[in-house]
Amino acid sequence: MNSFDAYKGFGIDERIIKFSDSILKDLDERFREIDSIAEFNQMKVIKAMQDNRVNAGCFAGTTGYGHDDLGRDTLEAVYASVFHTEAALVRGQITCGTHALAIALSANLLPGDEMLSPVGKPYDTLEEVIGIRDGIGSLKEYGVSYKQVELLPDGTFDYDNIRRAINEKTKLVEIQRSKGYAQRPTFSVKEIGELTMFIKQIKPDVIVMVDNCYGEFVETIEPSDVGADLIVGSLIKNPGGGLAPIGGYICGREDLVARCMNRLTAPGIGGDVGASLELNTRLYQGLFLAPTVTAGAEKGAIFAARAYETLGFNVIPSGTETRHDIIQSVELGSSEALCAFCEGIQAAAPVDSYFTPVPEPIPGYKDDVIMAAGAFVQGSSIELSADGPIRPPYAVYFQGGLTFPHAKLGIMMSMQKLLEKGLINID
Ligand SMILES: *Cc1c(COP(=O)(O)O)cnc(C)c1O
């Protein structure tokens, strides 16, 4: 059996099919390492489900207030076990990753407190949450100040300036694990642990919160295993395994998570309300699938890195370095190439494949953004997707793929579009 004809059926040039095969030949060992991480994480998830006695009753939905929602409460216990934290808040009422982060920040920062980002500018959508750009209801409006320490030119932590930035007002330090829309490395859990320890030595009672988006299950340990007090992420990324249709999580120290519960709902009510509706099965089953889905996405990212690096583009991370998230950026150098790449990803989708993505303004982002995705869950970026702000160096951020073969097809289609427009050469 050969997929050659199947690829030709998608209109992919023979040169791209052969080029892709040659790239994949070298990746066997890399892929085996990823499989063994997935195996370890799969055991971690199954053990957590067993230890918390997940049973068919957990899949029943609740409505209204959602008091005594067994499925929701057990799922939170499972997340706490997986991430080795005291407590977890895992809810469909958390609308996205930004919302989860905003809850964690606003629940734990009070007027007069200061927040510090020791890793440069945080994710675009947090600018309005923090008040770096004016936002109605921002932390700034509530009297919370903000400091930021840039990374050193080589992408490492600027320990001297971080020490200087920590003062009596510093209450919470936010470390973003994944690079987001920045051209900087993603941090390993070990690096996050080192930074956390450094910060705690200077100020032991400071809260270290990690934006864990896109990092879950890429390694065998998580930031919560190396000293982070809170980790926060989106369920339509890695931990939802592609099945979660909505949601976010906040895991960490019990007192801090309790504050988040009160912020999400209301003081006094906290986590005791919040009906899970019909979500539970998808959230459990998604978490169950998350380790292997994340592995497939990571393989797609590595294939993309190797292919585009070989074609002469600057890629972050490189095709050979160890990865700490599922995001791959490729600097395409022009708006035309960025759009062509996204058209290829769209054309490979099982849903909406006949649409053409175009750049447009997106709430929370300051530049126009082009987004390609044909997903079962709208906007889900654990599904194969590519996006990028229309600004130099015209980097595309490519991520996801519920299966590796789909990710591979998407990357091949992206090369096809670039080839058709004369933007790459393949002999
Ligand atoms: C995706 C992401 C977020 C949150 O984005 P949403 O689209 O609101 O889910 C925050 N930080 C990082 C690093 C992300 O990748």
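Small disclaimer: the values here were computed from a predicted structure and weren't measured. Every residue gets a number counted from 1 within its own chain, in the order that chain's sequence is written. Two thresholds apply to this predicted model, a pLDDT of at least 70 for residue-level local features and 80 or more for giving and counting side-chain atom pairs, whereas whole-chain, interface and lining totals are computed over all residues. Note: side-chain values were computed over all heavy atoms of the structure, leaving out hydrogens and water.

Asks: Help me understand the overall build of the chain in this model?
Replies: In this text, helices come from DSSP runs of H or I with a minimum length of four residues, and strands from runs of E with a minimum of two, each type numbered from the N-terminal end. If you tally the helices and strands in the chain, you get twelve helices and twelve strands. Here the radius of gyration uses the C-alpha set of atoms, whereas the globule reference equals 2.2 Å times the residue count to the power 0.38. On C-alpha atoms alone, the chain measures out to a radius of gyration of 21 Å, which is about the 22 Å that the 2.2 N^0.38 rule sets for 427 residues. Here the term buried applies to any residue with accessible area under 20% of the maximum for its type, exposed to any over 50%, and partly exposed to those in between, with areas from a 1.4 Å probe on protein chains only. A total of 427 residues make up the chain; the buried ones form 59% of that total. Any two residues having at least one pair of non-hydrogen atoms within 4.5 Å are treated as being in contact. Long-range contacts, defined here as pairs at least 24 residues apart, represent 70% of the contacts in the chain between residues at least 6 apart.

Asks: Whenever I open this one, the packing of aromatic side chains confuses me. Can you help?
Replies: Given two aromatic rings, their pairing is described by the distance between the two centres and the angle made by the two planes. Planes of paired rings set the category: under 30 degrees apart is stacked, over 60 is edge-to-face and the rest tilted, where pairs are Phe, Tyr or Trp rings (Trp by its six-membered ring) whose centres lie within 6.5 Å. In total, this model carries 14 aromatic pairs according to the counting rule given. With 5.4 Å between their ring centres and 15° between their planes, phenylalanine 83 and tyrosine 249 make a pair best called stacked. Note that phenylalanine 83 is positioned in the loop between helix H4 (70–82) and strand S1 (87–91) and tyrosine 249 in strand S7 (residues 248–252), a separation of 166 residues in sequence. Relative to phenylalanine 355, the ring of tyrosine 354 has its centre 4.8 Å away and its plane inclined at 90°; by these criteria the two rings are edge-to-face.

Asks: For this particular structure, what's the right way to read the sheet that holds strand S11 (residues 385–389)?
Replies: Hydrogen bonding along the main chain pairs the strands of a sheet, whether they run parallel or antiparallel. Read across the open sheet, the five strands follow the order S8-S9-S12-S11-S10; overall the sheet is antiparallel. With one partner strand each, in any of the chains shown, strand S8 (314–316) and strand S10 (369–373) form the two edges of the open sheet. Geometrically, the sheet is characterised by an average inter-axis angle of 20° between neighbouring strands, direction not taken into account. Direction of pairing for strand S9 (residues 328–331) relative to strand S12 (residues 395–399): antiparallel, over a ladder of four bridges. When the sheet's bridge partners are listed, glutamate 331 is paired in S12 with alanine 395. Fitting a line to C-alpha atoms yields each axis, with helices limited to the stretch in contact; the angle taken between N-to-C directions then spans 0 to 180 degrees. Contacting S8, S9 and S12, helix H10 (residues 280–310) crosses the sheet at an angle of about 20° to S9. Helix H11 (residues 335–347) rests against S10, S11 and S12 of the sheet, and its axis sits at about 20° to S10. Strands pair, by our definition, only if DSSP identifies at least two bridges between them.

Asks: Got a minute to help me understand the site of the ligand in this structure?
Replies: Neighbouring the ligand are Cys96, Gly97, Thr98, Leu101, Tyr123, Gln176, Asp211, Cys213, Tyr214 and Lys237. Polar contacts here mean pairs of N or O atoms no more than 3.5 Å apart (in protein, one a potential hydrogen donor and the other a potential acceptor; neighbouring residues in sequence count only if both atoms are side-chain atoms). A distance of 2.8 Å separates an oxygen atom of the ligand from a polar atom in the backbone of glycine 97. Coverage of the ligand by the protein amounts to 90% of the 380 Å² it exposes when considered alone. Ranked by residue count, the leading element in the shell around the ligand is helix H5 (residues 97–108), at three residues. Looking at the shell around the ligand residue by residue, the class counts come to five nonpolar, three polar and two charged. Near residues are defined by distance, with any heavy atom within 4 Å of the molecule or strand qualifying the residue. Shrake-Rupley sampling with a 1.4 Å probe provides the accessible areas, and residues are treated as covered by the protein chains on show and by no other component. For this scheme, ten residues count as nonpolar: Ala, Val, Leu, Ile, Met, Phe, Trp, Tyr, Cys and Pro. Four count as charged, namely Asp, Glu, Lys and Arg, and the remainder, Gly too, count as polar.

Asks: Would you take a moment to explain the state of the cysteines for this structure?
Replies: Here, the word disulfide means a covalent bond between the sulfur atoms of two cysteines. Note on terminology: pairs of cysteine sulfur atoms within 2.5 Å are recorded as disulfides. The tally for this structure, following the rule as stated, stands at zero disulfides. The thiol of cysteine 251 is not disulfide-bonded; the next cysteine sulfur, from cysteine 260, is found 10 Å away. Residue classification places cysteine 251 among the buried positions, given a relative accessible area of 0%. Here cysteine 339 stays free of any disulfide, with the sulfur of cysteine 342 as its closest cysteine sulfur at 6.7 Å.

Asks: What should I look at first to understand the pattern of salt bridges in this one?
Replies: Side chains that differ in sign of charge can pair as their charged atoms come close. Whenever a carboxyl oxygen of Asp or Glu lies within 4 Å of a side-chain nitrogen of Lys or Arg, that contact is scored as a salt bridge. Enumeration over the complete set of coordinates arrives at 25 salt bridges. For glutamate 343, the salt bridge is made with lysine 421, and the minimal N-O distance between the two is 3.1 Å. Of this pair, glutamate 343 sits in helix H11 while lysine 421 sits in the segment after helix H12 (404–420), and the two are 78 residues apart along the sequence.

Asks: How should I be thinking about the pairing of strand S4 (residues 170–176) in this particular structure?
Replies: One face of the sheet, then the other: side chains in a regular strand alternate in exactly this way. Counting buried positions along S4 gives six out of seven residues, so the element sits mostly inside the fold. Note: strand S2 (residues 114–117) against S4, three bridges, orientation parallel. Counterpart to glutamate 114 in the pairing with S4 is threonine 170. Note: S4 against strand S5 (residues 207–211), five bridges, orientation parallel. Bridging across to S5, glutamate 174 finds its partner in methionine 209. One crossover worth recording links S4 to the parallel S5 by way of helix H8 (residues 189–202), and it is right-handed. A clockwise course of the path from the first strand over the helix to the second, judged with the strands pointing away from the viewer, identifies a crossover as right-handed.

Asks: I keep staring at H5 and nothing clicks. Help me out?
Replies: For a helix, the expected span equals 1.5 Å multiplied by the number of residues minus one. Taking 1.5 Å per residue, twelve residues should reach 16 Å; H5 reaches 17 Å between its end C-alpha atoms and fits that length. In terms of burial, H5 is largely enclosed, as nine of its twelve residues are buried. For H5, every residue scored as buried is listed here: Gly97, Ala100, Leu101, Ala102, Ile103, Ala104, Leu105, Ala107 and Asn108.

Asks: Which parts of the structure should I look at to understand the sheet that holds strand S3 (residues 145–148)?
Replies: Pairing is mixed across the open sheet formed by seven strands, whose spatial order is S1-S7-S6-S5-S4-S2-S3. Both outer strands of the open sheet, S1 and S3, are each paired with one neighbouring strand and no more. Strand-to-strand, the axes of this sheet are offset by a mean angle of 20°, without reference to chain direction. As judged from the five bridges shared by strand S6 (residues 230–234) and S7, these two strands associate in the antiparallel manner.

Asks: In this structure, what is going on with the environment of cysteine 96? I would like to understand it.
Replies: Within the fold, cysteine 96 resides in the loop between S1 and H5. With 138 residues separating them along the chain, cysteine 96 and serine 234 place their C-alpha atoms 5.7 Å apart.

Asks: Sorry if this is basic, but what is going on with the packing of helix H2 (residues 14–25) against H10 here?
Replies: To describe two helices that pack against each other, one gives the angle between their axes and the distance between the axes. In contact at an axis separation of 10 Å, H2 and H10 are set at 115° when each is read in the N-to-C sense. The hand of the H2/H10 crossing is right-handed. Residue-level contacts link Phe19, Ser20, Ile23 and Leu24 of H2 to Phe303, Arg306, Ala307 and Thr310 of H10. For the contact of H2 with H10, the per-class residue count stands at five nonpolar, two polar and one charged. Two helices crossing with the near one rotated counterclockwise from the far one by less than a right angle form a left-handed crossing, whereas a clockwise rotation gives a right-handed crossing.

Asks: Sorry, what's going on with the environment of histidine 67 here?
Replies: Within the fold, histidine 67 resides in the loop between helix H3 (28–51) and H4. Residue histidine 67 is classed as partly exposed on the basis of its relative accessible area, which comes to 47%. Each residue touching histidine 67, except ones within four places of it in the same chain, is listed here: Asp272 and Val273.

Worth remembering: the numbers are spatial, not functional.
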